[in-house]
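Architecture and fold: a report
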Amino acid sequence: MSQPATLAWFGRHELRLFWRDWISMMTAGKRGREPILAGVAVVFAVLIHMLAYFLVVPYARAGIVPDKGTLVVLTGGGFLACSLMLSQAMESVTRAFYARSDLDLILSSPASARRVFAVRMIAIALATTLLTTVLAGPFINVLAFYDGPHWLAGYGVLLAMGALSTGFAIVVTIAMFRGLGPKRTRFISQVVSAVVGAGFVIGAQAAAILSTGKFSRLEIFRSQDVIAGAPGLASPLWWPARAAMGEGATLAALLGLGLGLLAVVIAGLSANFGDHVVAASGEVYERKRERRRERFRPASVKRVLRRKEWTLLRRDPWLMSQTLMQILYLAPPALLLWRNFGDDLSGFLILVPIIVMASGQLAGGLAWLAVSGEDAPDLVASAPVPERAVLAAKIEAVIGAVVVVIAPLVLALAFAAPRVAAVAALGVAVSAASGTMIQIWFRAQAKRSTFHRRQTSSRIATVAEALSSILWAGTAALLVAGSWFAAAMAPIVLLILAGTWAIRPRQAP
Amino acid sequence: MDSSAPALQLRGLVKHFDRPAVDGLDLTVRTGEFYALLGPNGAGKTTTLRIVAGLLRPDAGAVSVFGIDALADPIAAKRDIAWVSDEPMIYDKLTPFEFLEFVAGLWSIPAQVAEARARELIGWLGLEPHAHERCQSFSKGMRQKVALAGALVHEPRLLILDEPLTGLDAGSARQVKDVLAARVRGGASVILTTHILEVAERLAERIGVIDKGRLIAEGTLEELRARAGHAGSSLEDVFLELVARQNAAA
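These lines cover the structure that appears in this document, whether it is placed above or below. (Residues numbered from 1 in each chain as written. Chains lettered and ligands numbered in written order. Predicted model: local features only at pLDDT ≥ 70, side-chain atom pairs only at ≥ 80, totals over all residues.)

**Side note on the overall build of chain A**
Along chain A, the regular secondary structure elements total 20 helices and zero strands. If you take every contact in chain A between residues at least 6 apart in sequence, the share linking residues at least 24 apart comes to 80%. (Helix = DSSP H or I, 4+ residues; strand = E, 2+ residues; numbered from the N terminus. Contact = placed C-beta atoms within 7 Å.)

In structure tokens form, the structure reads like this:
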């Protein structure tokens, strides 16, 4: 047993909280589901290894050599992973400063706040690394199996990148705290983390669209122009790729750099973390004045409910990063639309399903906030308004918000290809309606602040929402292509929705 | 609507969760009466009030609000009811002014009328300096006052309050008590649960004591004292005696 209030003791405490939190999140807080969770994890691992097998083995069997083409693809993939890690680390570091949870207890105790925050920052680095490892690990395993164990060095590269991203995220967040103050930091760091997370993916896609006219972000890394223009084989730019391919000295240097930076950042800055948390807590309790209004506005009950939902959505600080990412991912389709304006059907085949899918996901998220994330459920339920009218108003608020985001794209489409725009509009309508209805069927009262973990409310709702938006997107693509298969696919989605409705939980009277 | 009907009438009310929470409860609150419902933790007070407010459906029994069958026509019954719980039901991101506008809209109060009432309530409860600040920075007492203002903005004839004074400082508690007393003088009826027995002792015209989902005693303070055999003693002594007797009998 470790001594109380030491680094190891806090580490054990954090690990225990993380583990219980994770299990609770994955099992939706229901006991006895651990064996099912283990089974799902095994199935997921097998599936993702199969995917990696089909994508990687053709190259591995041919023998992978560290030429420029390979280094460009690996480095590009590394940058993609790194941008996601940096985004996740920035959001986690910001949350660590603003989330109150147990910080009041810890900061009011005689324990060293420096140790607590050092452990929390290490935990963020590990969690950041773990998430990417879950996705990248199967590719490393398959490469190690078919091309040699030297590929296992990829895990070391992931660890180095996780440490580097977290160290960088801490420095950037604290610099924002000092430069901009706690009030602006929360908002700006959300925007920055969303832009960083989506930025590289979108940039690579945009470059592919502009140079090759194709949508795949990998196209840009296979482009002969990029390979020809890339630096020579001795460039430090290729260190992560070389390390991932098993160069021991490069891997050691990369690990030294990543872990060293994280250690220096934690040692240098953790002493002041407590001050930032105190400053952030001041921001939480700071009074926010709204524009003074002198008059109540006459409105019907439904309009009052819609207006309330839109006001709360507008003022939700964490919603920004959650939805900004979804909206940012619409940028490449918009670029594709602009580039192929009116002259190429293949562009629309990619553009329309992306718009349809984004609509479903956006609507699902907003519906969760409006229905499950209702802050005053008893107040609304005790009002003399039928439940059906309340739900209708909330649905209208959600659909209205989706329309504001998606309508400009569909309108632009209408000028380029009216038939395609009609298909897109229909797809957006059914996808958004499906996402919203699923959240209504599976509504479960939750705190609005837990929006980023809304999937814990119901795994079935999460899967059904994803399935319906993906399949509606596929149906829309088939319709754009003029394929009769669309007529077969639409009933499948409706069947899935019917099945989801049939197994919805019974709402308490 | 029956003008001679009591403000609230419960008959044979039953609600089971994993055990009986309300077990055949009969209770009447007269029009214009301040009624305090007392009981130990888990006695069924909150469940009873949530049923009356239309937030829970009973397994059996009848609920009548000013003669309206609240189970058959909940919307009509809710028009005359306001519900305030110990956890203030307000929106952090709205200001008190916006919150009252929202609540008035839910009860379909004309904007001009609601606005005048809202201004009066905001002034009455000392919320004027904060009327256009988001509620997120408010103390528990201020939040409870905003929730109470929301409950009063549609001028309900029956106020249902579950521990409305929990966590309030002395000044805020006094303000809330004054507001409630004024509403009763104005003809409204109040049913309230509280663990602060001094509130029931000073404000309530009749007191009901509930235990294990059943009404074990009811009456004015004097009637309860007589029943407990504690003439001149405090409500606390009377309450503890009645509950102890009930437990001994069970």
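**Brief notes about the sheet that holds strand β7 (residues 158-162) of chain B**
Residues and elements named next belong to chain B. If you walk across this open sheet you meet the six strands as β6-β7-β8-β3-β9-β10, and the pairing is mixed. Two strands bound the open sheet, and with one partner strand each, they are β6 (81-84) and β10 (214-219). Pairs of neighbouring strands in the sheet enclose a mean axial angle of 15°, with direction left out of account. Of the pairings in the sheet, the one linking β7 to strand β8 (residues 189-193) comprises five bridges and is parallel in character. Opposite D162, over in β8, you have T193 as the bridge partner. Sheet contacts for helix α9 (residues 235-249): β3 (34-38), β9 (206-211) and β10; angle to β9, the most-contacted strand, approximately 35°. (Pairing = 2+ DSSP bridges. Axes fitted to C-alpha atoms, helices over the stretch in contact; angles between N-to-C directions.)

**Thoughts on the interface of chain A and chain B**
Every contact between the two is made by 30 residues of chain A and, on the other side, 33 residues of chain B. For the side of chain A that touches chain B, the secondary structure elements donating two or more residues are α12 (301-314) and α16 (377-381) of chain A. Ranked by the residues each element gives to the side of chain A that touches chain B, the list is headed by α12(A), at five residues. Residue classes in the side of chain A that touches chain B are distributed as 15 nonpolar, two polar and 13 charged. (Nonpolar A, V, L, I, M, F, W, Y, C, P; charged D, E, K, R; others polar.)

**Some remarks on the environment of A:S469**
All names here are of chain A. With respect to the helices and strands, S469 occurs in helix α19 (residues 459-480). Residue classification places S469 among the buried residues on the basis of 28 C-beta atoms within 10 Å. Along the sequence, S469 and V46 sit 423 residues apart, while their C-alpha atoms lie 25 Å from each other. When residues no more than four places from it in sequence are discounted, the contact partners of S469 are M357, G360, Q361, S431 and G435. (Buried ≥ 20, exposed ≤ 12 C-beta atoms within 10 Å, placed from the backbone.)

**Structural notes on the pairing of strand β2 (residues 20-29) of chain B**
Residue and element names in this part refer to chain B. Pairing geometry for strand β1 (residues 8-16) and β2, over seven bridges, is antiparallel. Across the sheet, the residue bridging to V14 is D23, located in β2. If you look at the hairpin formed by β1 and β2, you'll find three residues sitting between the two strands.

**Remarks on the packing of helix α3 (residues 96-106) of chain B against helix α5 (residues 140-152) of chain B**
Residues and elements named next belong to chain B. The N-to-C vectors of α3 and α5 enclose an angle of 30°; their axes lie 9 Å apart at closest approach. Here α3 lies roughly parallel to α5, going by the angle between them. Crossing handedness for the pair α3 and α5: right-handed. When α3 is examined against α5, the residues P96, F99, L100 and V103 are found in contact with a partner set consisting of V146, A149 and G150. For the contact of α3 with α5, a count of residues per class yields six nonpolar, one polar and no charged. (Parallel < 35°, antiparallel > 145°, perpendicular 65-115°, else oblique. Left-handed = near helix turned anticlockwise from the far one by under 90°.)

**Observations concerning helix α2 (residues 34-62) of chain A**
Residues and elements named next belong to chain A. A rise of 1.5 Å per residue sets the reference length of α2, with its 29 residues, at 42 Å; its end C-alpha atoms lie 41 Å apart and thus fit the reference within 8%. Among the 29 residues that make up α2, one are buried, leaving the element largely open to the surroundings. In the segment just after α2, G63 is the residue with positive phi, at about 90°. (Expected span 1.5 Å × (residues − 1).)

**What about unusual backbone geometry?**
Residues and elements named next belong to chain B. In this structure, E163 is a non-glycine residue whose phi angle is positive, near 50°. Relative to the assigned elements, E163 resides in the loop between β7 and α6 (170-185). What makes E163 partly exposed here is the crowd of 19 C-beta atoms within 10 Å. In the Ramachandran plot, K212 falls in the positive-phi region, its phi being about 50° despite a non-glycine side chain. Looking at the secondary structure, you find K212 in the loop between β9 and β10. Taking the number of C-beta atoms within 10 Å as the measure of exposure, K212 has 18 and is therefore partly exposed.

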